[in-house]
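# Coordinate analysis (summary)
The chain contents come next:
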Amino acid sequence: MQMENFAPVMFAGLVVVMLIGFPVAFSLAALGLGCGFLAIQMGWFPAAYLSNLPLAIFSILSNELLLAIPFFTFMGTILEKCGLAEDMLDSMGQLFGPVRGGLGYSVIIVGFILGAITGTVAGQVIAMALISLPVMIRYGYNMRYATGVLAASGTITQLVPPSLVLVVMADQLGKPVGDMYKGAWGPSLLQITFFALFTFALAQLKPHYVPGVPRTARTLDGWALWKKCLKGIIPSAILIFTVLGSMGGLPFQDSAIATPTEAGAMGVVGAMILASMSKRLNWAVTWDAMKGTMRLTAMVVFILIGSRVFSQVFQGVDGQKWVEHLLTGLPGGQTGFLIVVNIFVFFLAFFLDFFEIAFILVPMLAPVADKLGIDLVWFGVLLCVNLQTSFMHPPFGFALFYLRGISDTLFKEGRIPVAVKSSDIYMGSIPWIIMQLMLVAVVIFFPQTVTFFLDKEVKIDTDKVIIEAPPDNNYTAQPSAPAVLTPGSSAPSTSSDTALMPEPAASDAANSGDEEQKKMDELFKDKK
C-alpha cells in the first residue's frame, strides 16, 4: 500500500470506530496508535515522530483557555440546581399565559435566558419540562407542539454565549473566544425569532393547538407579577453582561479586561451569590455541581487526548493534504464547501456528540476553510448552529431522550393525566429541526448575520500610502574640490564645476574657429 492511499483508510476507520459505540476517546487513541505503528513498519515516518506525542498531550493539559470549560460548567450547574428556571418559568408563564401561544413564548424566552447563564442542555430541558409540560397539557396545548418547543428551547444553550461549544471552537480554530461570542449573537437572536414566529403562525392558523390560559388561573397579577418576573430577569442579566462584558463578548465591544478563564471564575462567584440570594445554596447542591463538572471536564480532556493521537498520525501520513485536495476541488467555491461540510456534519451528528465532532473534524476542516478565504469565526459559528440539531435528531437526539424520561416520571407521579408517546416527541421535533436547518442556510448565504457584530477590519490601500521622511538636521554640506587653473582661463574653476559644465556643441566650435581665422587674416594684411 502506498502512503497516499493510507489516509482514506484511516478516515474510514475513524467513522467505523465512532459508530461501534465504544467510548470515542479510547477508540481514537487505539486507532491512532495502531495506524502509527503500521506507518513506522512501512517506513512512512520514523519512530521518533511519535515521540512528540507526550509533548502534544502536555500542551493540551497546559492550555489555559480550556480552564474556562469547568468554570462555565460549574456556574451553569449551580444556577440549574438553585431553582432559577422554575421561578422564571412560573412568572413568565403567568405573564404571557393569557395570550395564544403564551406558554410557548415563555418557554422560548426562558430557554434563551437560561442558555446564556447555564450552558447545559440536559438540565435546561429537564427543568423546563418539569414546570411547563404539566401546565401545557392541563390547558390543552397540542402534545407535539409542547414537546417540540421544550426540546428546541433547551438546545438554544449550544449557541447562546457563553456556550461551551463556542469555547471549544475558539480553541480549535485559534480565534479569540470574545470574537466567537460576538459572532454568535446574530444567529442566536434569529433562532428565537424563528421559534416565536412559528408559534405566532400556529396561533393564527390553528388556535386550538396553543390556547390562551384563563386569567383566573393566575396566582399573581399587576405589580406583584412584574416584580417576580424582574426578580429573575435582572440578576440573570447582570450576571450575563458582567461575564460576557469582561471578556469582550458583547456586540460592538472592542476591548476586554479579563481572559475567558477569569470571566468564568467571576461567573462562578456570581452564580453562588444568586443561589445564596434565593436561599437554595447548600453543601449538597455544591457537591452535586462539582461532581457534574468533574465528569464533563474529564470527558473533554480524554476526548482531546484521543483526538490528538489520531490527528498526529493522520498528519504524518499526509492526511491533511488528502482532505484539502478532496474539499478544495468541490464545485461552488466557498458556498459549495460549506454546504457539503454542513450536510456531512448534520448526518454525523446523528451518532456523535458535539465535543467529538469539534475535536475530531474541525482540525481537519479549518485549514481548508482558511485556504478558501472563509472567515474562521463565521465558519465556527456556522458549525455551532448546525450542531444544535445533534440534540434533536430522531431517534438519537439527547434532548428527546431527556424529554422521554422526564415525561414518564411525570406520568408515574400523576402530574400529567396521559402518558406522552414517543411518536409525539419524535414528530414534534421535526418542525423545529427544519427551522434550525433554515438558520444554517441563512448563515451560509448571509455571513453578515455573524460578522455584523464583529470588530470591523481596517483595510489599508497600499497604493495610497505616503511615506514622509523627516529632514535630517545633522546633515553637513560636503567641502568643494580644490580650484584648478586651466590654460586660457581668467578665473580658477573647481573640478566639480568643470565636471558639471556641458561640453560645447560641434556647431559652436566651428563658428568660433571661423572667427579666429578671419582675425588672423586681417592681422596678416595689416603687417604687410
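To be clear, the structure that these remarks concern was listed above.
Read on for a plain summary of the structure.

Conventions and cut-offs
Residues numbered from 1 in each chain as written. Predicted model: local features only at pLDDT ≥ 70, side-chain atom pairs only at ≥ 80, totals over all residues. Heavy atoms only, no water. Helix = DSSP H or I, 4+ residues; strand = E, 2+ residues; numbered from the N terminus. Contact = heavy atoms within 4.5 Å. Areas by Shrake-Rupley, 256 points an atom, 1.4 Å probe, with all protein chains shown as cover. Salt bridge = Lys/Arg side-chain N within 4 Å of Asp/Glu carboxyl O. Phe/Tyr/Trp six-rings, centres within 6.5 Å; stacked < 30°, edge-to-face > 60°. Core = buried A, V, L, I, M, F, W, Y, C linked by side-chain atoms within 4.5 Å. Buried < 20%, exposed > 50% of the residue type's maximum accessible area, 1.4 Å probe, protein only. Axes fitted to C-alpha atoms, helices over the stretch in contact; angles between N-to-C directions. Parallel < 35°, antiparallel > 145°, perpendicular 65-115°, else oblique. Left-handed = near helix turned anticlockwise from the far one by under 90°. Nonpolar A, V, L, I, M, F, W, Y, C, P; charged D, E, K, R; others polar. Expected span 1.5 Å × (residues − 1). Bend = angle between axes of the 7 residues up to and from the residue.

The subject of this paragraph is the overall build of the protein chain. When helices and strands are counted, the protein chain shows 23 helices and two strands. If you take every contact in the protein chain between residues at least 6 apart in sequence, the share linking residues at least 24 apart comes to 79%. Looking at the protein chain as shown, the accessible area adds up to about 26,400 Å², and 65% of this sits on carbon and sulfur atoms.

It is worth spelling out the pattern of salt bridges at this point. Applying the stated rule across the entire model yields three salt bridges. A salt bridge links Arg-404 to Asp-408; the shortest N-O distance between them is 2.6 Å. Separated by four residues within a single helix, Arg-404 and Asp-408 lie in helix H19 (residues 398-412), roughly one turn from each other.

What the rule picks out here adds up to 15 aromatic pairs. Members of the aromatic cluster, connected to one another through ring pairs, are Tyr-141, Tyr-145, Phe-195, Phe-198 and Trp-432.

With that out of the way, let us pick up the nonpolar core. Judged by nonpolar contacts, the single largest core of 158 residues is most densely connected at Leu-14, Leu-79, Met-169, Phe-337, Phe-355 and Phe-379. At eleven residues, the largest contribution of residues to this core is made by helix H13 (residues 283-316).

Quick look at the side chain of Thr-286 now. Position of Thr-286 among the secondary structure elements: in helix H13. Take Thr-286: its relative accessible area is 11%, and that puts it in the buried class. Discounting chain neighbours no more than four positions away, the residues touching Thr-286 are Phe-74, Ile-78 and Leu-281.

Where helix H15 (residues 333-348) meets helix H20 (residues 422-445), the closest approach of the two axes is 10 Å, and the angle between their N-to-C directions is 155°. Here H15 lies roughly antiparallel to H20, going by the angle between them. Where H15 crosses over H20, the handedness of that crossing is right-handed. Only Ile-433, Leu-437, Val-440, Ile-444 and Phe-445 of H20 make contact with H15, whose side of the interface consists of Thr-335, Leu-338, Ile-339, Asn-342 and Phe-346. For the contact of H15 with H20, the residue count by class is eight nonpolar, two polar and no charged.

Attention now goes to the packing of H19 against H20. For the pair H19 and H20, interaxial distance at closest approach is 10 Å and the crossing angle is 145°. Of the two possible hands of crossing, H19 and H20 adopt the one that is right-handed. Along its contact with H19, which presents Leu-400, Phe-401, Leu-403, Arg-404 and Ser-407, the element H20 presents Ser-422, Ile-425, Tyr-426 and Ser-429. Among the residues making up the contact of H19 with H20, the classes are represented as five nonpolar, three polar and one charged.

As a further point, take the environment of Val-160. The topology assignment puts Val-160 in the loop between helix H8 (143-155) and helix H9 (164-173). Judged by its relative accessible area of 0%, Val-160 is buried. In this structure Val-160 touches Phe-112, Gly-115, Ala-116 and Ser-188, once residues within four positions along its chain are discounted.

Our next topic: helix H11 (residues 223-246). Taking 1.5 Å per residue as the helical rise, H11 with its 24 residues ought to reach 34 Å, and the 33 Å between its terminal C-alpha atoms agrees with that figure. At Leu-230, H11 shows its maximal kink, close to 25°. The set of residues buried in H11 consists of Leu-225, Cys-229, Gly-232, Ser-236, Leu-239, Ile-240, Val-243, Leu-244, Gly-245 and Ser-246. Downstream of H11 by a residue or two, Gly-248 has a phi angle that is positive, lying close to 70°.

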